[in-house]
Amino acid sequence: MTATSPTRAPEGVRKDFPADLSASIAVFLIAMPLSLGIALATGAPLQAGLVAAAVGGIVAGRLGGAPLQVSGPAAGLTVVTAELIQRYGWRTTCAITVLAGVCQLGLAALRTARSALMVSPAIVHGMLAGIGVTIALAQLHIVLGGTPQSSAVANVLGLPAQLADLHPVALGVSALTLVVLLGWPRLPGRAGRALRKLPAPLAAVAAATAFAALAGLSLPRVDLPSWRSHALPEMPEGPVLGLIAAVLTITLVGSVESLLSAVATDKLIASERGTDNRPPRADLNRELRGQGAANIVSGALGGLPITGVAVRSVANVKSGAASRKSSMMHGFWVLLAAFLLVPLLDLIPLATLAALVMAVGVQMVSITHLRSVTRHREALVYGTTIVAVVLGGVLEGVAVGIAVAVALALHRLARTRITLERTADGVHRVRARGQLTFLAVPRLSRVLNQIPHDAHAVVELDGSFMDHAAYETIQDWQQSHLAHGGTLEVTGRSGQAARINGADPAAADRTGSPHGADGADGAERAGGGHGAERGHDTRHGEGGHQADRSRRGQHRGTHQCCRPWTPWQNHCDHRATSTRTATSTAATTAAAAAAAAATDGENGSGDGGSPDVSPAPRRRGAGQLASGISAFQRDTAPHVRDELARLAREGQQPSQLFITCADSRLVTSMITASGPGDLFTVRNVGNLVPLPGAESTDDSVAAAIEYAVDVLKVDSITVCGHSGCGAMQALLSSAPGVAMTPLRRWLRHGLPSLERMGSRHHAWARISGRLPADAVEQLCLTNVVQQLEHLRAHESVARRLAEGTLELHGMYFHVGEAQAYLLSEGEDFFDCRVFDTVGQHA
């Protein structure tokens, strides 16, 4: 989604200027010590940090797509830059920075900014944490009065010798810096509130510098050489592959860190400010273009690589910045200080800058990120990436992290648990949890062959996928087991019967199912021709087979082709229509007769040889309703009568309120595997929740919410949208000035969703792993998020949420995929609300 800056009136620019000015000064006071510290940590000339800070503020601030993001030298590139300086020298590193900027411009031209973020958060956070550990280990040596080694491992091995040779002066100044840095934000009282307006990094450096100067301490200090001797880039020298790898590393790490920082800045703005006081959301491709231009200029002027800096961006937002001018002015202040404040900067002890950068490195190992990856079961990827970055470097660490993430995903996909237990009544129950692929065939075959030939077996398949190898293994064992006199049932986890085609013609009669043989399957197996030609059931799909959870009785006729949702009139009519079409197009009388026989078999006659009987015409209206009621009374009522009697005695106690659309394709009990008494359901056009007090409000929805929350005491409320929603299509195509009808008046409650989708100030919604297919799907997803916001405005809901006794959930059902998605907590690092796939083991 692209965001562009709106045209601002001159009055607005003048009004924003004081806020931008004060924010630029605050950011400048933070940027100065950090820029010098990062230059010191990389081993580059100290002026290089000031050049990068000035260029990042002016160039990236002017050309970038995130108005309030502040760019400059960042800790995330410290390790990479230090390695390049050691290997190629400073001037070649500047040339590499220029080439990395050119690559960033190319990526921006290809509009790949969003794609650059398509990396697991566990890998990104692990990379940053590994960089932080490396920085902290290196700067610890300077804090102790020594010199850092060339690698993190060498720094760890050198610590014992460094501890044995402490320099008390450097250690004391570093300790004072850390105490002020950590204690400054916690100063109490009115005086503390006033002092806290001064940034903690500047206060720490100023305090340590003043102490060292007043005490007359002798220790290494900042030494800014004359600008006349400032080193500029030269033509790169070294192995071509090594230089290419260096350019790509700077490009990828810098781009990902900049884009993540831009997204984080947008989130901070959204949480801190109202909609009338926000700049446009970040245009990530433009931001990448601005970063590329800034790196070209910085490298050409002998500066460090540039990236978006989260610390400075946060300070910019919290200081009240209103436009990109605050970042640009901060760059001018850095430029002036680099020429006018050199005598003052030369007083800063190097140990002070080292302590400051070490603290930044430690903070890069975020406890919040660790909790997040642990919650999502990606701690292995996170930890492996950290270790690999510390031991091998950034590029190697990211590659290892990606490999571990892929291996973990494959392991979860291929992991299948197969167990066998014998119940007290002699039934052998096989449970297969997970996807049945060829990898699970040896275990599956071993378990199945442990069942005695004459025993009754129940095979419970709990998975969404079965490949051809697993399908044939179960089919072959089923035929063998039945041939030796055994009986079996193949079911899903819910206990609904499943079917594996191609078994013995009488197998259905021996499975123990109360419904007898399947008419269609019986015809296929007895008739031979048509059934044998099809082989296994095409509903399993090519290359994979899904368990068909239907077992239809012969006595149920043409309407009982699907269970447990019988009679499923539309589906049965669709099958009948397809078969009639095939029959009518037969070229010869013999072919027509054969097709008619197959038609008769598929429609449940079960005798495989009866004369052609055309399917009965579809009954509609009262006839169809009466047929359905009759089937319920005959087939379903005996199974649910006891449970309904209990509910009638005890009253309803549903666990959740389920608000969804009136669309006929949404069968709530089917997609939630719920039964009588589980859901208190509210259905309306567009799954809308009118705001309390809204114009043309509908009290029926509010009444249902109040009753469910206050009387029934439900534990959760779910708002469920779906694909292809007609209400959302109507909202998108609505035109002003059209006469109001009851439907149009109702759809006005969906206008906030339409506004939210078009707003640059709200996180947009997507399905995990892909972008919305079109505007309708985007609005369907956004509508779920918006209606959850409407729910929170209801007094009863807000009260229960504050008490912590109620949960709100968002759900999206894709009709064409038969796939449900749940709205995850919070926003991801794409600044999106994400609907995640609900797995088999949820």
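What you see is a predicted model; the values in this text were computed from it and never measured.

**Q** Looking at this structure, how should I read the overall build of the protein chain?
**A** Within the protein chain, the regular secondary structure consists of 34 helices and 13 strands. Out of the 842 residues belonging to the protein chain, those deemed buried represent 49%. In the protein chain, of all internal contacts separated by at least 6 residues, the share reaching a separation of at least 24 is 74%.

**Q** Quick question: what am I supposed to make of the confidence of the model for the protein chain here?
**A** Keep in mind that low pLDDT regions are not for reading the predicted coordinates in detail. Taken over all residues, the pLDDT of the protein chain has a mean of 77, while the share at 70 or more is 78%. Between residues 1-10, whose pLDDT stays under 50, and residues either more than four places distant or in other chains, the model counts 18 contacts.

**Q** Got a minute to help me understand the packing of aromatic side chains in this structure?
**A** Any two aromatic rings considered together are summarised by their centre-to-centre distance and by the angle between their planes. Considering all chains together, one arrives at 2 aromatic pairs under this definition. Taking 5.8 Å as the distance between ring centres and 40° as the angle between the ring planes, the aromatic pair formed by Phe-680 and Tyr-707 counts as tilted. Here Tyr-707 lies in helix α29 (residues 699-711) and Phe-680 lies in strand β8 (residues 679-684), a separation of 27 residues in the sequence. For Phe-680, a relative accessible area of 18% corresponds to the buried category.

**Q** I tried to follow unusual backbone geometry on my own but got confused; where do I start?
**A** Note: most residues except glycine have negative phi, and most peptide bonds are trans. Despite not being glycine, Arg-377 has its phi angle at roughly 60°, a positive value. Mapped onto the fold, Arg-377 is located in the loop between α17 (367-375) and α18 (379-392). Arg-377 sits in the exposed class, given a relative accessible area of 53%. The backbone of Asn-687 shows a phi angle near 40°, a positive value even though the residue is not glycine. Judged by its relative accessible area of 2%, Asn-687 falls in the buried class.

**Q** Whenever I open this one, the side chain of Thr-177 confuses me. Can you help?
**A** Tracing the backbone shows Thr-177 in helix α8 (residues 168-183). The class of Thr-177 is buried, set by a relative accessible area of 0%. Not counting residues within four places of it along the chain, the set of residues in contact with Thr-177 comprises Ala-204, Ala-208, Thr-352 and Ala-355.

**Q** So what exactly am I meant to see when it comes to the nonpolar core here?
**A** The nonpolar side chains of a soluble globular protein tend to be buried with one another. By size, the foremost hydrophobic cluster in this structure holds 85 residues, and its most contacted members are Leu-36, Leu-50, Ile-96, Ile-131, Leu-224, Leu-304 and Val-394. A total of 10 residues in this core trace back to one element, the largest contributor, which is helix α2 (residues 46-63).

**Q** What's the story with the environment of Arg-683 in this structure? I'm lost.
**A** Within the fold, Arg-683 resides in strand β8. Arg-683 sits in the partly exposed class, given a relative accessible area of 35%. With near-sequence residues (within four places) excluded, Arg-683 lies in contact with Thr-660, Cys-661, Ala-662, Asp-663, Leu-666 and Thr-668. At 2.9 Å, the side chain of Arg-683 forms a polar contact with the backbone oxygen of Asp-663. At 2.8 Å, the side chain of Arg-683 forms a polar contact with the backbone oxygen of Leu-666.

**Q** Can you walk me through the environment of Cys-725 in this structure?
**A** Looking at the element boundaries, Cys-725 is found in the loop between β9 (716-722) and α30 (726-733). Among all residues touching Cys-725, those that are not within four sequence positions of it are Cys-661, Gly-686, Val-776 and Cys-780.

**Q** Mind showing me how you'd approach helix α34 (residues 795-803) here?
**A** Quick reminder: α-helices carry 3.6 residues per turn. Residues three or four places apart thus point the same way. All buried positions along α34 are accounted for by Ser-796, Val-797 and Arg-800. The buried residues of α34 occupy an angular sector of 100° when projected down its axis, which confines them to one face. Structural note: α34 exposes Glu-795 and Ala-802 on the side pointing more than 90 degrees away from its buried face. In this fold, the buried residues of α34 make contact with α29, β9, α33 (775-792) and β11 (807-814). With its phi angle positive at about 75°, Gly-804 sits one or two positions after the end of α34.

**Q** What am I meant to see in the packing of α29 against α34 here?
**A** The packing of two helices is summarised by the inter-axis angle and the distance between the axes. Running from amino to carboxyl end, α29 crosses α34 at an angle of 30°, the nearest separation of the two axes being 9 Å. Taken together, the axes of α29 and α34 are roughly parallel relative to one another. As for how α29 packs across α34, the hand of that crossing is left-handed. Seen from α29, the contacting residues are Ile-705, Glu-706, Val-709 and Asp-710; seen from α34, they are Ser-796, Val-797, Arg-799 and Arg-800. Grouping the constituent residues of the contact of α29 with α34 by class yields 3 nonpolar, 1 polar and 4 charged.

**Q** It is not clear to me how the packing of α8 against helix α16 (residues 350-363) should be interpreted in this structure. Could you clarify?
**A** Two numbers describe how α8 lies on α16: the axes approach to 8 Å, and their chain directions differ by 45°. The angle between the axes of α8 and α16 places the two elements in the oblique class. For the pair α8 and α16, the crossing hand works out as right-handed. Between α8, through Ala-170, Val-173, Ser-174, Thr-177, Leu-178 and Leu-181, and α16, the contact on the second element is made entirely by Ala-351, Thr-352, Ala-355, Leu-356, Met-358 and Ala-359.

**Q** How should I be thinking about a nonpolar patch on the surface in this particular structure?
**A** The grouping of Phe-332, Leu-335, Leu-336, Phe-339, Leu-340, Leu-341, Leu-344 and Leu-347 at the surface amounts to a nonpolar patch, some 760 Å² of accessible area in total. Here the nonpolar patch takes 5 residues from helix α14 (residues 325-340), the largest share from any one element. Looking at the element boundaries, Leu-341 is found in the loop between α14 and α15 (342-345).

**Q** What is the right way to look at the pairing of β11 in this model?
**A** Note on strand geometry: in a regular strand, side chains alternate between the two faces of the sheet. Taken across its 8 residues, β11 has 6 buried, putting it largely inside the fold. Relative to β11, β9 runs parallel, the two sharing 7 bridges. Pairing of Ser-716 across the sheet is with Glu-807, part of β11. From the end of β11 to the start of strand β12 (residues 819-823), which pair antiparallel, there are 4 residues, and Ala-818 there has a positive phi angle of about 50°.

**Q** So what exactly am I meant to see when it comes to the pairing of β12 here?
**A** Pairing analysis gives 4 bridges linking β11 to β12, with the strands arranged antiparallel. Counted as the bridge partner of His-814 is Gln-819 from β12.

**Q** It is not clear to me how α17 should be interpreted in this structure. Could you clarify?
**A** At the N-terminal end of α17, a side-chain oxygen is found 3.2 Å from the backbone nitrogen of Thr-368, two or three residues along, and the residue is Ser-366. Phi turns positive, to about 60°, at Arg-377, one or two residues after α17.

**Q** What is the right way to look at the pattern of salt bridges in this model?
**A** Side chains bearing opposite charge may pair, as long as their charged atoms lie close to each other. Throughout the structure, instances matching the rule amount to 13 salt bridges. Across the pair Arg-429 and Glu-460 runs a salt bridge, and its minimum N-O distance is 3.6 Å. Here Arg-429, found in strand β4 (residues 428-433), pairs with Glu-460, found in strand β5 (residues 456-462); they are 31 residues apart in sequence, far enough to count as distant. In this structure Glu-460 comes out as buried when scored by relative accessible area, which is 8%. Two residues, Glu-650 and Arg-646, come together in a salt bridge whose shortest N-O distance is 2.7 Å. Of this pair, Glu-650 and Arg-646 both sit in helix α27 (residues 622-650), 4 residues apart, roughly one helical turn.

**Q** Which parts of the structure should I look at to understand the environment of Leu-259?
**A** Looking at the element boundaries, Leu-259 is found in helix α11 (residues 240-272). A relative accessible area of 0% means that Leu-259 is categorised as buried. C-alpha separation for the pair Leu-259 and Ala-66, spaced 193 residues apart in sequence, amounts to 9.2 Å.

Criteria and cut-off values
- Residues numbered from 1 in each chain as written.
- Predicted model: local features only at pLDDT ≥ 70, side-chain atom pairs only at ≥ 80, totals over all residues.
- Heavy atoms only, no water.
- Helix = DSSP H or I, 4+ residues; strand = E, 2+ residues; numbered from the N terminus.
- Buried < 20%, exposed > 50% of the residue type's maximum accessible area, 1.4 Å probe, protein only.
- Contact = heavy atoms within 4.5 Å.
- pLDDT = per-residue confidence, 0-100.
- Phe/Tyr/Trp six-rings, centres within 6.5 Å; stacked < 30°, edge-to-face > 60°.
- Core = buried A, V, L, I, M, F, W, Y, C linked by side-chain atoms within 4.5 Å.
- Polar contact = N/O pair within 3.5 Å; in protein donor to acceptor, adjacent residues only side chain to side chain.
- Arc of directions from axis to C-beta.
- Axes fitted to C-alpha atoms, helices over the stretch in contact; angles between N-to-C directions.
- Parallel < 35°, antiparallel > 145°, perpendicular 65-115°, else oblique.
- Left-handed = near helix turned anticlockwise from the far one by under 90°.
- Nonpolar A, V, L, I, M, F, W, Y, C, P; charged D, E, K, R; others polar.
- Patch = residues over 30% accessible without salt bridge, like charges linked within 9 Å, V, L, I, M, F, W, Y side chains within 5 Å.
- Areas by Shrake-Rupley, 256 points an atom, 1.4 Å probe, with all protein chains shown as cover.
- Salt bridge = Lys/Arg side-chain N within 4 Å of Asp/Glu carboxyl O.
- Pairing = 2+ DSSP bridges.

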